[in-house]
Amino acid sequence: MAEALNYKAQAAAGYDGMFAQVTTHFAPTLLRAAGIAPGMRVLDIATGTGLVAESVLDVIGPTGRLTAADVSPEMAEKARERLGRSSNASVAVEDGQALSFPDGSFDAVVCSLGLMFFPDPQRGLAEFHRVLRPGGRAAISVNTVPERSYNTRINLAVARYLPSLAEAAARVFALGDEMKLRSLFEEANFRDVEITLQTRVFTLPTFDTYFGPIEGGAGSAGQAFISLPAAARRAVREELRRELGDAGGPIELEVEYGFASGRR
């Protein structure tokens, strides 16, 4: 059986330090794609530690209502810590392919870098469609290709030394094709489907600034990395160092997200 990417306690603990700047940069594009506005009822599915959910709260204001949900209890607990002071937010452990909410519960659904991890993304989108009110929008973001990813390229490097991870590592980019995304949304009966790409170059002061959290086990990539023998860890680190052109100073990472949205 293929090994799954790990989102347990250790991965959750280091997630924000590694990914916060990337997630918060792309969050406004995701929220605009979903048409989120003040006063809305919004579901953030696969919320992780609640970074996008926090952005949702900023937009919907005190008259809106946010439900943040994740299949991982550890991630949900981190989100609860982040959002706990907001009286109009709740956090739940939910399977995105079998949501517990009644039909038409939300004005908008967002899913940041989560749908590609669903065993059946089509079923997940069908659930997003079901829990939306008529006219509501769902929007998702996905990784496109390894060479324009922030951290998920690491999974592919690790998989060369941990073959059981190969299928899960490849799945990270499984929804990066525009035609496939459009087809998935249309097959889930979404209307007015829109697909966009956004690219940003992130500059970090050193390679160690980038790779240090991975060596500490942050996120799924970090958990996969620390499971390797020492020699394989050194080889992966060197491969990434070369790939990112490390010369001892700042490094640049070009990151591209794909966004897909549709109306019920």
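Note that the coordinates shown come from a computational prediction; the quantities given were computed from them, not determined experimentally. (Residues numbered from 1 in each chain as written. Predicted model: local features only at pLDDT ≥ 70, side-chain atom pairs only at ≥ 80, totals over all residues. Heavy atoms only, no water.)

Caption draft 1: Layout of helix α8 (residues 207–215). By the burial criterion, the buried members of α8 are Phe207, Tyr210, Phe211 and Ile214. One face of α8 carries all of its buried residues, which in axial projection span an arc of 85 degrees. (Buried < 20%, exposed > 50% of the residue type's maximum accessible area, 1.4 Å probe, protein only. Helix = DSSP H or I, 4+ residues; strand = E, 2+ residues; numbered from the N terminus. Arc of directions from axis to C-beta.)

Caption draft 2: Representation of helix α10 (residues 230–243) within the structure. The terminal C-alpha atoms of α10 lie 20 Å apart, and with 14 residues this matches the ideal 20 Å at 1.5 Å per residue to within 8%. Here α10 has its buried residues at Ala232, Val236, Glu239 and Leu240. Across the axial projection of α10, the buried residues extend over an arc of 95 degrees, all falling on one side. Of the residues in α10, the exposed ones pointing more than 90 degrees away from the buried face are Arg234 and Arg242. The inward-facing, buried residues of α10 contact α5 (153–159), α8 and α9 (219–226). (Expected span 1.5 Å × (residues − 1). Contact = heavy atoms within 4.5 Å.)

Caption draft 3: Representation of the packing of α8 against α10 in the model. Between α8 and α10, whose axes approach to 11 Å, the crossing angle comes to 150 degrees. Of the possible angle classes, the one that applies to α8 and α10 is roughly antiparallel. The two elements α8 and α10 meet at a crossing, and its hand is right-handed. Contacts between α8 and α10 involve Phe207, Asp208, Tyr210, Phe211 and Glu215 from the former and Val236, Arg237, Leu240 and Arg241 from the latter. Partitioning the contact of α8 with α10 into residue classes produces five nonpolar, no polar and four charged. (Axes fitted to C-alpha atoms, helices over the stretch in contact; angles between N-to-C directions. Parallel < 35°, antiparallel > 145°, perpendicular 65-115°, else oblique. Left-handed = near helix turned anticlockwise from the far one by under 90°. Nonpolar A, V, L, I, M, F, W, Y, C, P; charged D, E, K, R; others polar.)

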